[in-house]
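Overview (structure and organization)
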Amino acid sequence: MIEKILIFGTGLIGELAEYYLRKDYNMKVEAYTVDSNYIKEEKISSIPIVEFENIEKRFSPDKYRMFIALSYNNLNILREEKYKEAKKRG
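In short, a report on the structure.

Conventions we followed
Residues numbered from 1 in each chain as written. Predicted model: local features only at pLDDT ≥ 70, side-chain atom pairs only at ≥ 80, totals over all residues. Heavy atoms only, no water. Pairing = 2+ DSSP bridges. Helix = DSSP H or I, 4+ residues; strand = E, 2+ residues; numbered from the N terminus. Contact = heavy atoms within 4.5 Å. Axes fitted to C-alpha atoms, helices over the stretch in contact; angles between N-to-C directions. Expected span 1.5 Å × (residues − 1). Buried < 20%, exposed > 50% of the residue type's maximum accessible area, 1.4 Å probe, protein only. Arc of directions from axis to C-beta. Core = buried A, V, L, I, M, F, W, Y, C linked by side-chain atoms within 4.5 Å.

Here the focus is the sheet that holds strand β3 (residues 43–44). Paired through their backbone hydrogen bonds, the strands of a sheet run either parallel or antiparallel. Judged by pairing direction, the sheet is mixed, and its five strands sit side by side in the order β3-β4-β2-β1-β5 without closing on themselves. Edge strands, defined here as strands with exactly one partner in the open sheet, are β3 and β5 (65–68). Examined bridge by bridge, strand β1 (residues 3–8) and strand β2 (residues 27–34) share six bridges and lie parallel to one another. In the sheet register, I5 faces β2, and the bridge partner there is V29. Seen against the sheet, helix α1 (residues 12–25) touches β1, β2, β3, β4 (47–51) and β5 and runs at an angle of roughly 165 degrees to β2.

The next point concerns α1. Compared with an ideal rise of 1.5 Å per residue, which puts 14 residues at 20 Å, α1 spans 19 Å between its outermost C-alpha atoms and is within 8% of the ideal. Buried within α1 are the following residues: G14, A17, E18 and L21. The arc that holds every buried residue of α1, seen down its axis, measures 105 degrees, which confines them to one face. Turned more than 90 degrees from where α1 packs its buried face, L12 and K23 sit exposed. Where α1 is buried, its residues touch β1, β2, β4 and β5. Positive phi appears at N26, one or two residues downstream of α1, with a value of about 55 degrees.

With 12 residues, the main nonpolar core is built from I5, I7, A17, L21, M27, V29, Y32, V34, I44, I47, I49 and A69. Counting only elements with at least two residues in this core, the list comes to β1, α1, β2 and β4. Ranked by residues supplied to this core, first place goes to β2 with four residues. If sequence neighbours within four positions are ignored, I47 has contacts with E18, V29, E30, A31, Y32 and E42. L6, F52, F59 and A86 belong to the second largest nonpolar core, which has 11 residues in total.

Shown next, in the form of structure tokens:
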């Protein structure tokens, strides 16, 4: 069975994560997500970008996992913050 996953982050690291998750781990990325003020386009390739503020309304937390793919600027602080928020929301 192919596992469904969401990627937090729309930059190069997110795109690389999508490639490796699909190729090496047989996962299907259903959407990218970022805070709404960072959305600059509707899709990356054919994968939609969904605002993080409402992600659990479109993608049930019990059916999807999330991969946090962030850049190196304040990496650990921001990654921890987004991980905790995603975990709190399911």
